[in-house]
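Residues per chain, in single letters:
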Amino acid sequence: MFARLAACSHLPARVRQLNVSSVSIRSFSQTKFVAPRPHGKSFAHRSELKQAKRVVVKLGSAVVTRGDECGLALGRLASIVEQVAMLQNQGREMMIVTSGAVAFGKQRLRHEILLSQSVRQALHSGQNQLKEMAIPVLEARACAAAGQSGLMALYEAMFTQYSICTAQILVTNLDFHDEQKRRNLNSTLHELLRMNIVPIINTNDAVVPPPVPNSDMQGVNVISIKDNDSLAARLAVEMKADLLIALSDVQGLYDSPPGTDDAKLIDIFYPGDQQSITYGTKSRVGIGGMEAKVKAALWALQGGTSVVIANGTDPKVTGHVITDIVEGKKVGTFFSEVKPAGPTVEQQTEMARHAGRALASLDPDQRAEIICSLAELLTEKKDEILSANRRDMELATTSGRYSQALIDRLSLSTAKLNSLAIGLRQLSVSSRNSVGRVLRRTRISNNLELEQITVPIGVLLVIFESRPDCLPQVSALAIASGNALLLKGGKEAANTNRILHQLTQEALSIHGVSDAVQLVSTREEVEDLCHLDKVIDLIIPRGSSQLVRDIQRAAKGIPVLGHSEGVCHVYIDNEASIDKAIDIVRDSKCDYPAACNAMETLLIHRDLLRTPIFDQIIDMLRAENVKIHAGPRFASYLTFSPSEVKSLRTEYGDLECCIEVVDSMHDAVDHIHKYGSSHTDVIVTENEETAEQFLQQVDSACVFWNSSSRFADGYRFGLGAEVGISTARIHARGPVGLEGLLTTKWVLRGEGQTVADFSEQGSMKYLHENLPVPQGNFS
C-alpha cells in the first residue's frame, strides 16, 4: 500500500472521542467558522488569505532540525504546532508536510552506536580517545527509518495538548504516478480532514530513490516528488488547498542572493519574474534550495493554490509566522497571478524619497509657488472635489458600517475648501523661511565655523481616517518642509482622496517633483506599513484614538507623532461669568463634537451647584441634544441623576459629555492630570490669579483661559495647517505645523583642522564664540 496511516489507533477509544468532540466545541466557540470557497483560482491579494479554509504547511529541514543537524529544534516545533492547532480549532483544515526524520534518526543512531561500544574497549582506549572516537557515516535511508516513528510520536504528543488528533502518511514519487494509488491518497486525506484530524505527510525516505534531474514542473498534471517542496506543492493542488505556507530559513525570496548588500525582500512575486532572480546557495540542510521552492510555488499557483514562502527559524517571528500569514499580514513572499497596475508601496516610498530630496533642494519661493498653486486648484476644482465627496458620503451612509461621527468627518463643503485654500496661502508665506534656516552659528576657532540648520525629516507616513481635508493640509506642510510623503487614507474617502491627490501632484509638477507625495492605494494593511522602518522616518496618525493606539503598538522602530485620545476638559470656576461659561461650553462641545479638541468632561465648582449658572448650562446642553453622563461626585449630589459614567477617561466624539464636581481649581487640576490626555484643557473664571495658576499648573499641550477648546488647531493658531496635535513631550507638542516637520543638522566648515590640533600638546585653542544669525539667512 502506498500510504501508511496511523490515525491515533493506539489511544483509548474514550480519549479519541473526547479529542474530536472538544475540537468541534472550540471551533465554534472561539472564532467564526471559516466557510469553504470554490477552488480553481488563487487569491489575488494578501488580505484575502483570511478566507483560506484548507491550508498546507510545509516545514523545511532547516526549520525542523537543530543547528548541529542532529536532532530536532523542539521549541521551534512546539511553537509551530501551537499555531497549526489554533488555526485547526478555528475551523480550518490544516495539513503538515514535514522534514526531520533523517535528523531525528541520525541522533538516535549515533546514540545507539556510542552505547554499543563495549565497556572494555572504552576503558582500554582511554577517555581522550573515547571522545575522539570516529562515528561512522550514517546512511540517510537508515536514519529516516530509525527517525520516522519518533518524529511522528513527537507530533502526536504535541498536538494532543490541544485536543487534536494526528495521522501519519508516507509517500514516494511512485504513489502519484499510479492513478489508483493517487485516488486512494486523495480519499484518505479527505476522510482525515472530515474527521478533524491533522494529516502529517512526509516522503518515505527509507525507500525513496535519489532525486534525478528532469524537466518537470511545466504543467498542472506533471510534477516529480524530489523533495518536500515539490511534495507540498503536489499535495496542495491535489487536495485543492487554498494556501501553501512553505517555511524555510530565509525571510522569503530576494531579488539577489540574501546577505548581499543590495538584496531586497520581494513582497509579491509574479509568474514571469523568475528570469530576473539570481539564486544563492542552498541552506545548510535539505535538498531543495530556493530555486526548487520557487518552481514548486509557481506550479502550485498555476494549480489554483496561493503560496507564501517565509522564515520559520527567526525567533522574533516563529511564534506567530503561520497565523500572521493566514491573517493577511505582510510576512515573507506572497505569490500572486494578479500584478497590480501601479507600483508597490516599497516602490512608492523610494519614488517619494528620491523626489523629496529634489523638493528639499528647491528654492523657498519655488516651494511656496507649489503650495499657492494647490490652493488655487482647491478653489478652481471645487465642483469636482465636492462631487467625489458626495459619492463617498452616499456609499458610507448606505453601507451602515460607519458611525455618524465618522461620516461627519468625511463631509466636505465649499466653506471647508475655502478655509483650506486660505490656510495654504498662509503656509506658503511661512514656508519661505523653513528648510535651510540657520538656527545657530558658532566660531569654534579661527577659520573653523559651525552652523546648525533646519532640514527635512525625510519620508513621512500619514495615516488618516475620513477627514479628506487633511490630505491637502498635510501635503502642503510636507511641501513647505521639503519632506517626502506617503498618504494612507481610509477606503470610505477613496474618491475624494483620489482627486485631492491628483491636484496635489498637479501642483508639484510645475517644478518636476510630482512623485514627492504618494497616495497608497494598494491593499496594504496599516500594520504592515508600520514595519517599513528602513524607508519611513516618522508616522503621523490622524483619526480615532483607537487608530492612534493601534499604530503606536504596531510601529517597529519608527517614531509616532500623535495623541492617543482627546479627553479635553472645561473647568467652570466659582468666579466665572455666566455668559462666557455658556458660550464656551456650547462651542467646545457642540461646534464639532467629532473633533479631538472638543470638550468631553465639564468640571463644575461645587459652589455652583443649584445656582442659575449651573441650571442654564444644563438647559443649554439639553437644548443642544447633548447626552449627559454623571461623574461619581456629581451623581452623589442628585436624587435622580443621569447615567453614571463608566470611565472618566472617555472620549465620546459625539454629542455626549461627562459632568463632574470639584471643590477648587487645584482639585480641577488634579482631576485633569489624573484623567486627561494632555491635549487641551480650559478654565472659565474672572479671577486672573486663579487663571494664571491654572495655566501654569496644568501640564497639557494646550491650556486656555476663557476661550473654547476648539481653538486648539494649527489654522486657528496661524500655522496655516497642521498634521495633527501631539501630546508627546519631545520634539513638537500641540498643533504641529511647519516647524514640527523639520529637524536639524550641523555643518562644519574648516581648513584642514584636526582634533589633535586642540590637544594639550596641540597648537590651537577652542573659542566657542557665538556669531549673529541674520534674519532670513539660509545655508
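Up top is the structure these notes are about.
Predicted model only: the values in this text are computed from it and were never measured.

The rules we used
- Residues numbered from 1 in each chain as written.
- Predicted model: local features only at pLDDT ≥ 70, side-chain atom pairs only at ≥ 80, totals over all residues.
- Heavy atoms only, no water.
- Helix = DSSP H or I, 4+ residues; strand = E, 2+ residues; numbered from the N terminus.
- Buried < 20%, exposed > 50% of the residue type's maximum accessible area, 1.4 Å probe, protein only.
- Areas by Shrake-Rupley, 256 points an atom, 1.4 Å probe, with all protein chains shown as cover.
- Axes fitted to C-alpha atoms, helices over the stretch in contact; angles between N-to-C directions.
- Parallel < 35°, antiparallel > 145°, perpendicular 65-115°, else oblique.
- Left-handed = near helix turned anticlockwise from the far one by under 90°.
- Contact = heavy atoms within 4.5 Å.
- Nonpolar A, V, L, I, M, F, W, Y, C, P; charged D, E, K, R; others polar.
- Arc of directions from axis to C-beta.
- Salt bridge = Lys/Arg side-chain N within 4 Å of Asp/Glu carboxyl O.
- Polar contact = N/O pair within 3.5 Å; in protein donor to acceptor, adjacent residues only side chain to side chain.
- Pairing = 2+ DSSP bridges.
- Phe/Tyr/Trp six-rings, centres within 6.5 Å; stacked < 30°, edge-to-face > 60°.

1. A few points about the overall build of the chain
- If you tally the helices and strands in the chain, you get 25 helices and 24 strands.
- The 779 residues of the chain split such that 52% are buried.
- Accessible surface for the chain amounts to roughly 35,200 Å². Of this, 51% is attributable to carbon and sulfur atoms.

2. Topic: the packing of helix α13 (residues 364-380) against helix α18 (residues 494-508)
- At a minimum axis separation of 8 Å, α13 and α18 run at an interaxial angle of 140°. Classed by the angle they form, the pair α13 and α18 counts as oblique. α13 and α18 meet at a crossing whose hand is right-handed. Judged by residue contacts, I370, S373, L374, L377 and L378 of α13 engage L500, L503, T504, E506, A507 and L508 from α18.
- In the contact of α13 with α18, the residues fall into 8 nonpolar, 2 polar and 1 charged.

3. Regarding helix α24 (residues 665-675)
- Taken together, the buried positions of α24 are M665, A668, V669, H671, I672 and Y675. Buried residues in α24, looked at end-on, bunch into an arc of 160°, giving them a common side.
- On its buried side, α24 packs onto β15 (568-572), β16 (599-605), β18 (656-662), β19 (680-684) and α25 (688-697).

4. Observations concerning the pattern of salt bridges
- Considering all chains together, one arrives at 36 salt bridges under this definition.
- The salt bridge partner of R432 is D365, with a shortest N-O separation of 3.0 Å. Of this pair, R432 sits in the loop between α16 (414-430) and β9 (438-445) while D365 sits in helix α13, placing them 67 residues apart in sequence.
- Relative accessible area serves as the criterion here: at 36%, R432 is assigned to the partly exposed category.
- A salt bridge links D591 to R710, with the nearest nitrogen and oxygen atoms 2.7 Å apart. Of this pair, D591 sits in the loop between α21 (578-590) and β16 while R710 sits in the loop between β20 (702-705) and β21 (724-726), placing them 119 residues apart in sequence.
- Given a relative accessible area of 7%, R710 falls into the buried group.

5. A closer look at the environment of M152
- Examined against the element boundaries, M152 turns out to sit in helix α6 (residues 140-160).
- For the pair M152 and A167, spaced 15 residues apart in sequence, the C-alpha separation works out to 8.5 Å.
- Once you skip the residues sitting within four places of it in the chain, M152 turns out to touch T166, A167, Q168 and I200.

6. Some remarks on the side chain of E600
- Relative to the helices and strands, E600 resides in strand β16.
- A residue is classified by how much of its surface remains accessible, and E600, at 0% relative accessible area, is buried.
- Within the structure, the side chain of E600 is placed 3.4 Å from the backbone nitrogen of G653, a separation counted as a polar contact.

7. What to know about the sheet that holds strand β12 (residues 484-489)
- Pairing is parallel in the open sheet, where 4 strands are placed in the order β13-β12-β11-β14. Two strands in the sheet have a free side with no partner beyond their single neighbour: β13 (517-519) and β14 (538-542). Mean inter-strand twist for the sheet, computed between neighbouring axes without regard to direction, equals 20°.
- In this structure, β12 lies alongside β13, joined through 3 bridges in parallel fashion. Paired with L485 across the strands is V517, a residue of β13.
- Relative to β12, helix α12 (residues 345-360) is tilted by about 145°, and along the sheet it contacts β11 (459-464), β12 and β13.

8. Some points on the pairing of strand β10 (residues 448-456)
- Burial analysis of β10 places 8 of its 9 residues in the buried class, the great majority of the element.
- Judged from the 6 bridges that link them, β9 and β10 form a sheet pairing that is antiparallel. Note that in β10 the partner of T442 across the bridge is L450.
- Connecting the antiparallel pair β9 and β10 is a turn made up of 2 residues, with N447 showing a positive phi of about 60°.
- Note: β10 against strand β23 (residues 742-749), 8 bridges, orientation antiparallel. Paired with I453 across the bridge in β23 is K745.

9. A closer look at the sheet that holds β20
- Judged by pairing direction, the sheet is parallel, and its 6 strands sit side by side in the order β17-β18-β16-β15-β19-β20 without closing on themselves. Edge positions in the open sheet fall to β17 (627-630) and β20, since each of these has one partner strand only. Sheet twist, expressed as the mean angle between neighbouring strand axes with direction ignored, is 20°.
- Bridge count for β19 against β20 is 4 bridges, and the pairing is parallel. Residue pairing in the sheet places D681 in a bridge with V703 of β20.

10. Some points on the packing of aromatic side chains
- Enumeration according to the criterion identifies 5 aromatic pairs in this entry.
- Ring plane angle 15° and centroid distance 4.4 Å describe the contact between F758 and Y766, whose orientation is recorded as stacked.

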